[in-house]
Amino acid sequence: GHPDAAVTINDRRVHVLFNIMGYTQGERNEIFALRPAPVQVLYKGFVGTLGADYISHMVADTRVSPPEFAAHYTERLLYMPHTYVVNDYRQQAVDHTLQDEDLPVTREHYGLPPDA
């Protein structure tokens, strides 16, 4: 059950535990509520706040979770560059004109050789 899973996670010294379900079907938030890992992060499966004090961070993008709304999240938002968190499989893709911030980042951008 949930307590056993939480004990196993804690015994294995998991430092960062990702919740990829949020409040969607099959979620197991009860495990996260037991706080088995020191850092618990919401990612992908649910793009809104959980409103739960047991999730400390949320991986986000600026389109789905605009910075001006960060105060409405209980999680600290971790913005990933050049990403969009897809959140509804029933919607069709929207045509989007690429802007500079949408362009892929190259290895050279970070001072890395192209073949490393």
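What comes next is a walk through the structure. (Residues numbered from 1 in each chain as written. Predicted model: local features only at pLDDT ≥ 70, side-chain atom pairs only at ≥ 80, totals over all residues. Heavy atoms only, no water.)

## Description of the side chain of Asn-29
- Tracing the sequence through the fold places Asn-29 in helix α2 (residues 29–33).
- On the basis of relative accessibility, which here comes to 5%, the residue Asn-29 falls in the buried class.
- Among all residues touching Asn-29, those that are not within four sequence positions of it are Asn-19, Gly-22, Tyr-23, Leu-50 and Tyr-54. (Helix = DSSP H or I, 4+ residues; strand = E, 2+ residues; numbered from the N terminus. Buried < 20%, exposed > 50% of the residue type's maximum accessible area, 1.4 Å probe, protein only. Contact = heavy atoms within 4.5 Å.)

## Concerning the pattern of salt bridges
- The tally for this structure, following the rule as stated, stands at 1 salt bridge.
- The residue Asp-53 makes a salt bridge to Arg-35 at a minimum N-O spacing of 3.0 Å. Pair noted here: Asp-53 is in the loop between β2 (39–42) and β3 (57–60) and Arg-35 is in the loop between α2 and β2, with a separation of 18 residues, a long-range link.
- You can call Asp-53 exposed: its relative accessible area is 62%. (Salt bridge = Lys/Arg side-chain N within 4 Å of Asp/Glu carboxyl O.)

## What about unusual backbone geometry?
- Positive phi, close to 55 degrees, is recorded for Arg-13, a residue that is not glycine.
- Position of Arg-13 among the secondary structure elements: in the loop between α1 (2–11) and β1 (16–19).
- At Arg-35, a residue that is not glycine, the phi angle is positive and equals roughly 55 degrees.

## A look at the sheet that holds strand β4 (residues 76–79)
- An order of β1-β2-β3-β4 is seen for the 4 strands of this open sheet, with the pairing classed as parallel. The sheet terminates laterally at β1 and β4, the two strands that pair on one side only. In this sheet, adjacent strand axes meet at a mean angle of 30 degrees when their direction is disregarded. (Pairing = 2+ DSSP bridges. Axes fitted to C-alpha atoms, helices over the stretch in contact; angles between N-to-C directions.)

## Quick word on the nonpolar core
- Ile-55 and Met-58 are the most contacted members of the largest nonpolar core, which totals 15 residues.
- Secondary-structure elements contributing two or more residues to this core are α1, α2 and β3.
- Not counting residues within four places of it along the chain, the set of residues in contact with Ile-55 comprises Asn-19, Phe-32, Gln-40, Val-41, Leu-42, Leu-50 and Glu-75. (Core = buried A, V, L, I, M, F, W, Y, C linked by side-chain atoms within 4.5 Å.)

## Here's the deal with the packing of aromatic side chains
- Scanning all chains against the criterion turns up 1 aromatic pair.
- Here the aromatic rings of Phe-18 and Tyr-43 are separated by 6.4 Å at their centres, their planes lie at 75 degrees, and the arrangement is edge-to-face. Linking Phe-18 in strand β1 with Tyr-43 in the loop between β2 and β3, this pair joins segments that are 25 residues apart in sequence. (Phe/Tyr/Trp six-rings, centres within 6.5 Å; stacked < 30°, edge-to-face > 60°.)

## Things to note about the environment of Arg-35
- A relative accessible area of 45% means that Arg-35 is categorised as partly exposed.
- Separated by 19 residues in the primary sequence, Arg-35 and Tyr-54 have C-alpha atoms spaced 6.4 Å apart.
- In terms of polar contacts, Arg-35 uses its side chain to reach the side chain of Asp-53, at 3.0 Å. (Polar contact = N/O pair within 3.5 Å; in protein donor to acceptor, adjacent residues only side chain to side chain.)

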